[in-house]
Structure formats: C-alpha cells, structure tokens
Amino acid sequence: MAGLKRRDYTPQARGALEGVRVLDLSRLVAGNTLTQVLADFGAEVIKVEPPAGDTLRAWQTQGVPVTWKLYSRSKKSLCLELRRPEAVELLLKLVPTASILIESFRPGILEKMGLAPEKLLERNPKLVVVRISGWGQDGPYSQRPGFGTLIEGMSGFASMNGFPDREPVLPPMYLADSVAGLSGAAAAMIALREAEREGGAGQVVDLPLLEPLFNILGPQAANLRLTGKVKARTGNRSTTTAPRNAYRTKDGHWVCLSASIQKMTERLFRAIGRPELITDPRYATNTERLKHADDLDAIIGGFIASRTQAENVAHFEKHEVTIGPVYDIAQIVEDPHVIERELVADYPDADMGEFPMHHVIPRLSKTPGAIRAPAPRLGEHNRALLAGIGVDEAAYRKLVAAGIACEGGPAPRGEEE
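Quick summary incoming for the structure in this document. (Residues numbered from 1 in each chain as written. Predicted model: local features only at pLDDT ≥ 70, side-chain atom pairs only at ≥ 80, totals over all residues. Heavy atoms only, no water.)

## As for the packing of helix α1 (residues 28–40) against helix α8 (residues 175–196)
Thinking step 1. One way to put it is that α1 packs onto α8 with a least axis distance of 7 Å and a crossing angle of 45 degrees. Between α1 and α8, the crossing angle belongs to the class labelled oblique. By crossing handedness, the relation of α1 to α8 is classed as right-handed. Along its contact with α1, which presents V29, A30, T33, L34, V37 and L38, the element α8 presents D177, S178, A180, G181, L182, G184, A185 and M189.
Thinking step 2. Class assignment of the residues belonging to the contact of α1 with α8 gives a composition of nine nonpolar, four polar and one charged. (Axes fitted to C-alpha atoms, helices over the stretch in contact; angles between N-to-C directions. Helix = DSSP H or I, 4+ residues; strand = E, 2+ residues; numbered from the N terminus. Parallel < 35°, antiparallel > 145°, perpendicular 65-115°, else oblique. Left-handed = near helix turned anticlockwise from the far one by under 90°. Contact = heavy atoms within 4.5 Å. Nonpolar A, V, L, I, M, F, W, Y, C, P; charged D, E, K, R; others polar.)

## Quick word on unusual backbone geometry
Thinking step 1. Residue P243 is bonded to the preceding A242 through a cis peptide linkage, with omega at 0 degrees.
Thinking step 2. Structurally, the position occupied by P243 is in the loop between α10 (220–227) and β8 (244–248).
Thinking step 3. Going from I361 to P362, the amide bond is cis rather than trans, its omega being -5 degrees.
Thinking step 4. Considering the arrangement of structural elements, one finds P362 in the loop between β12 (353–358) and α17 (382–387).
Thinking step 5. Its identity as a non-glycine residue notwithstanding, E342 has a phi of 60 degrees, on the positive side.
Thinking step 6. With respect to the helices, strands and loops of the structure, E342 is situated in the loop between α16 (336–341) and β11 (344–349).

## With respect to the sheet that holds strand β9 (residues 254–258)
Thinking step 1. If you trace the three strands from one edge of the open sheet to the other, you get β8-β9-β10, paired in antiparallel fashion. Both edges of this open sheet fall to β8 and β10 (323–326), since each of them pairs with a single strand only. Between one strand axis and the next, the sheet turns by 25 degrees as a mean value, whatever way the strands run.
Thinking step 2. With four bridges joining them, β9 and β10 adopt antiparallel strand pairing. Among the inter-strand pairings, W254 is bridged to a residue of β10, identified as V326.
Thinking step 3. Here helix α13 (residues 293–305) sits on the sheet in contact with β8 and β9, set at roughly 35 degrees to β8.
Thinking step 4. Relative to β10, helix α14 (residues 309–318) is tilted by about 165 degrees, and along the sheet it contacts β9 and β10. (Pairing = 2+ DSSP bridges.)

## A closer look at the layout of surface pockets
Thinking step 1. Considering only enclosed or pocket space, the largest pocket measures out at about 1100 Å³ in volume.
Thinking step 2. In this structure, the largest pocket is lined by 32 residues; those nearest its centre are L70, Y71, V344, M357 and H358.
Thinking step 3. Only α1, α2 (66–71), α8, α15 (329–332) and β12 provide two or more residues apiece to the lining of the largest pocket.
Thinking step 4. Broken down by class, the residue content of the lining of the largest pocket amounts to 20 nonpolar, seven polar and five charged. (1 Å grid on protein atoms, 1.4 Å probe; cavity = no way out; pocket = protein on both sides within 12 Å on 5 of 7 lines; lining within 4 Å. Points joined across faces, edges and corners; volume = space filled by probe spheres on them.)

Shown next, in the form of structure tokens:
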C-alpha cells in the first residue's frame, strides 16, 4: 500500500453540522455508522460507553481494534456506568445540551434505565431520539435479538443472493447494520430539520435494521403479485438483461461485464470479433439472449479467458464496452483512481503508526467533511464533558472512585474479526 496518500488530521475544519451535539448510547455497527456520518461533517458526537467500552473495541485484528478505529473517528468518549442512578442523572443533565440522542438497546430497556423518550423530551423538547433495534419498537418480533445476520436472512436478501443450485448466501460484511446506519443518518437530519424550524419540536425515530434493508431490495412484492412466483437466485446473472456476468481471466482474476442495452451488446459482439451475433436470432434481442444465456456466456467467457484481467479491461474499454475488474482489497488500494481520489488514505494512529481508512463521503464542495481526530480512548473526554455540567475535579474523582464514571477500564477481550 505504498501508493496511498497520507492526510493530516484537520481538527479545526468547520463542518456543516458544527454546533450539533449527539449523545450516542448505541453499540455495534448501525449506530456507529450513523454517528460516523454526523461526526465526519462536524457534529460533536459523544460516545456514552459502559465500563467495558463499546463492543466494537473487542473486535480486533492482530490485537488492533480496527473496526472501532474506523467507525469512531472524530468522536469523544464518555464512560458512565448507566446501571447506577447517579450516572443516569449525569446523562440527563447532558440531554438539554444535545440535539440528537442515539440508542440501540432492546426495546423497553431505555425505559427501564429511566431514560424513556418522554422523559428525555421533557428535558429537551427539541431533542431527536433515534431508537435502533433489529425489528422495531413494537410488533411480535420486537423482543427478538437484533443481530444483522438474522435480518439479512429474514429480509429476503440471502434468498436472492447466490447461485440457484447452492444455499442462500449471507453477506460477508455488516450489510443490515450499515444500510440502517446510513438510513438513520438521513432520518436524524430530517427530524433535526423539523426540530430547528420555528415552532418545530423533537421526536422519536423508530429505526429497525429490517426495514431499510428490505426497502433496497427492489419490487419483490410487486413481482410476486404479478407472476405468482418467487424469483430464483441467479448468481451473477440478471433476470432482466443479458449478457451480465463475472468471467474468469487468464491470470486467475475476474472481470464483470454488463451489456444491458442493445447498442452495448452490439459493441460487445464486435469487440470479441463476432459481429455476426448481432443478427443471429438467438442473440439479436434481449429476450432471446436471456433464453440462451448459457451459450452466450460460453462465447464471451472463452474470449475473456484468453486474456489477463488488465488486457481485458483495456481491450473492452477501447471498444467502449461496459466492463470492469473484480478487485480484492489488495488490488483496490493499488489502483491509481483509488489513490488519486483518496478512497483510502493513511491517518496517524497510535497502534499502527498509520491507519488506512476510507475518507469522508459524500463530497461537499463548500463544507466538505473531515477526519478531525482518531477514535477516542475509553473515557478520554470524561473530565471536559462532565465539567460542562458542573462536575469539578474533586467531584469527578469521587465519581471515578465510586465506579460511576470510568477511565480506561479493563482491556477489552479481543475477538479476531
């Protein structure tokens, strides 16, 4: 990864969300994705962590909590033992200073902690409360465990993913959590817009992992009603256009190709030296190409298999055919476009010296996001944040001695990702 650009932190950069304080009580990926977006654009995100820290701290690779470092950049850490009423009262004193509060407990737990949304809104009528759960705050499944894997199965994603003669395939990353987190960032901004307008008020956002993921899977319900059939898994093929597939190259890599419009298919046939296929009845129309997809893939695959990945990309790009490489991460970080656009850049890090992470998206022209600080140490900002609600140094030391506020805490038990 020698080609990666190296960025300095920009702690003084002003973001569009400057002045927005967020209390983040969530754990795991969905809430941390949501608040990463807000922190990237200038919000003051305060991670309110238990003495053991956010669960992400324990997800480690060779002893480094890489997931925590990525998703908690530019945030602050306040470590409170919220099982103690004194800690809950400290949090309630912070509520009037906040614009948004995020939580991801099982439905009903926030109420048992003495932090019911009604109580929070009494303290701050303009507060936006985002409640993340697996299945929603009500409904027959509300008390089920909200793990992303279960949602990826039940949402219909896994049943669509994979090849027809194999088992359904779950995603190899935090798909349900990530989609919910991004959806939640938009929801929080929509609710904040309402709260900040004249006469507006705060409200509660019910954000289950299930619904955002289901919503991006397309018109499955309409297709079922129209056809009476559940669409089968198709691997890398499309059920609406052909050709579309991943093809193995001479050097053992892969390319992906999609010729989803007629002109593109005709370019493709000329590019592989088979212009006669343009008028061949089996391949002349999209409808017929779908019927003869096996034969078509054999023709295209044979041409691609005789060339390396780079040779294929160069050849088809010359003929303006929509093709691209199928990269793994080792290839991604060496790609000149990735380097120039800084999709990944190196940032200073206490454990690794330099930590490669994706830069801020989306890219705003006037108020771009920035990475202002590394992910915080557990309880790193306790003193400053509690001083803001009247806790002086002597009182703070008593809180620490009593186990109500914590610093550092026990080293998290590492779990290799």
